Amino acid sequence: MSDKPLRAQYHHGDLRAHLIETVRILVEEKGADGFSISEAARRAGVSSAAPYKHFNDRAEIVREVALAGIDRMRDQMDDAATGASGNDLAPITALGVCYANFARTEPGVFRLMFGLTKGHDDDPELQEHGEACFDVVKREVRQVMPEGTPDAEIERRGFMLHMFVHGHAFLEIDGKHELELSAEQETALMADIAQRIMRD
């Protein structure tokens, strides 16, 4: 992508959001550690001092990019699950496809969300937003399981689903998947996993 400033893409008074979006683009282009604040400011079309009116340092901007990414993924997962139709496992299948699609669409942010920068494990807000994503999975697992299923079992099955899909997503974006899956084949794979985990 060109280094042409993105000044035309934001309105006065919304510089904070504009900087977060600019850094998101840089994360996708160069990785979380591959750019400077001065480069982000230049790309955003503002002075090198402007970011510090909204953020304490580079780490805070990158953290906000991660938070926004987690929230985007949660919203996409929620939409995918609630919009799924077919059988009772269709929402869980849709969650898996959505998760993989997010990783392919925003691989830099996806990696960032899972801790490629220091300190995320000790950040309660990031953890809270991450739990909100997993809550969508648990909600759909609970819908399929018999009434009265213990929370620990809901958690276990949700975790099993996440383990598979998360591994699949990272293999995809790292180019280490030996399978060449079409969209239809990937959906069938996710449906198979949902069946195996939820019906054992």
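Residues numbered from 1 in each chain as written. Predicted model: local features only at pLDDT ≥ 70, side-chain atom pairs only at ≥ 80, totals over all residues. Heavy atoms only, no water.

Asks: With reference to specific residues and values, describe helix 6 (residues 124-144).
Replies: Taking 1.5 Å per residue, 21 residues should reach 30 Å; helix 6 reaches 30 Å between its end C-alpha atoms and fits that length. Each element contacted by the buried residues of helix 6 is listed here: helix 3 (58-83), helix 4 (90-105), helix 7 (151-173) and helix 8 (183-198). (Helix = DSSP H or I, 4+ residues; strand = E, 2+ residues; numbered from the N terminus. Expected span 1.5 Å × (residues − 1). Contact = heavy atoms within 4.5 Å.)

Asks: So what about the state of the cysteines? Which residues, and what values?
Replies: One pass over the structure, following the stated rule, counts zero disulfides. Cys133 supplies the cysteine sulfur nearest to Cys98, a cysteine that is in no disulfide, at a spacing of 9.2 Å. What makes Cys98 buried here is its relative accessible area of 9%. On the basis of relative accessibility, which here comes to 6%, the residue Cys133 falls in the buried class. (Disulfide = S-S within 2.5 Å. Buried < 20%, exposed > 50% of the residue type's maximum accessible area, 1.4 Å probe, protein only.)

Asks: Explain helix 1 (residues 15-30) to me, and be specific about the residues and the numbers.
Replies: Over its 16 residues, helix 1 extends 22 Å from the first C-alpha to the last, a length consistent with the 22 Å expected when each residue adds 1.5 Å. Within helix 1, burial applies to Leu15, His18, Leu19, Ile20, Thr22, Val23, Arg24, Ile25, Leu26 and Val27. Tucked inside the fold, the buried residues of helix 1 contact helix 2 (37-44), helix 3 and helix 5 (107-113). Phi turns positive one or two residues past the end of helix 1, at Gly31, with a value near 90 degrees.

Asks: Give me the lowdown on the packing of helix 1 against helix 3, citing residues and values where you can.
Replies: Running from N to C, helix 1 and helix 3 cross one another at 85 degrees; their axes reach a closest spacing of 9 Å. The pairing of helix 1 with helix 3 is recorded here as roughly perpendicular in orientation. The segment helix 1 lies against helix 3, with Arg16, Ile20, Val23 and Arg24 engaging Ile61, Glu64, Val65 and Arg72. Here the residues of the contact of helix 1 with helix 3 are counted per class, giving four nonpolar, no polar and four charged. (Axes fitted to C-alpha atoms, helices over the stretch in contact; angles between N-to-C directions. Parallel < 35°, antiparallel > 145°, perpendicular 65-115°, else oblique. Nonpolar A, V, L, I, M, F, W, Y, C, P; charged D, E, K, R; others polar.)

Asks: Provide a residue-level description of the nonpolar core, including the pertinent values.
Replies: Core analysis: the largest hydrophobic core is formed by 55 residues, its most contacted members being Met73, Met77, Ile92, Phe110, Val141, Leu161 and Met198. Ranked by the residues each element gives to this core, the list is headed by helix 3, at nine residues. Residues contacting Leu161, with those up to four places away along its chain left out, are Ile92, Val137, Val141, Ile193, Ala194, Ile197 and Met198. (Core = buried A, V, L, I, M, F, W, Y, C linked by side-chain atoms within 4.5 Å.)

Asks: An account of the pattern of salt bridges is requested, with residue identities and associated values reported.
Replies: A complete count under the given rule lists 22 salt bridges for this structure. The partner of Asp192 in a salt bridge is Arg196, with the nearest N and O atoms 3.0 Å apart. On the criterion of helical spacing, the pair formed by Asp192 and Arg196 is a turn pair, its members being four residues apart in helix 8. On the basis of relative accessibility, which here comes to 32%, the residue Asp192 falls in the partly exposed class. Note on Arg196: relative accessible area 57%, which makes it exposed. (Salt bridge = Lys/Arg side-chain N within 4 Å of Asp/Glu carboxyl O.)

Asks: Lay out the side chain of Glu39 in plain terms, naming residues and giving numbers.
Replies: Examined against the element boundaries, Glu39 turns out to sit in helix 2. Not counting chain neighbours up to four residues away, the residues in contact with Glu39 comprise Leu26, Lys30 and Gly34.

Asks: Before we move on, can you summarise the packing of aromatic side chains with the specific residues and values?
Replies: Summed over all chains, the structure comprises four aromatic pairs. Measuring from centroid to centroid gives 5.5 Å for Tyr99 and Phe110, while their planes differ by 85 degrees, and the two rings are edge-to-face. Taken as a pair, Tyr99 in helix 4 and Phe110 in helix 5 lie far apart in primary sequence, 11 residues in all. A single burial state applies to Tyr99 and to Phe110, both of which are buried. Members of the aromatic cluster, joined through ring pairs, are Tyr99, Phe110, Phe114 and Phe170. Looking at Arg58, its charged tip hangs above the ring of Phe35, at a distance of 4.5 Å from the centre. (Phe/Tyr/Trp six-rings, centres within 6.5 Å; stacked < 30°, edge-to-face > 60°. Lys NZ or Arg CZ within 6 Å of the ring centre and 35° of its normal.)

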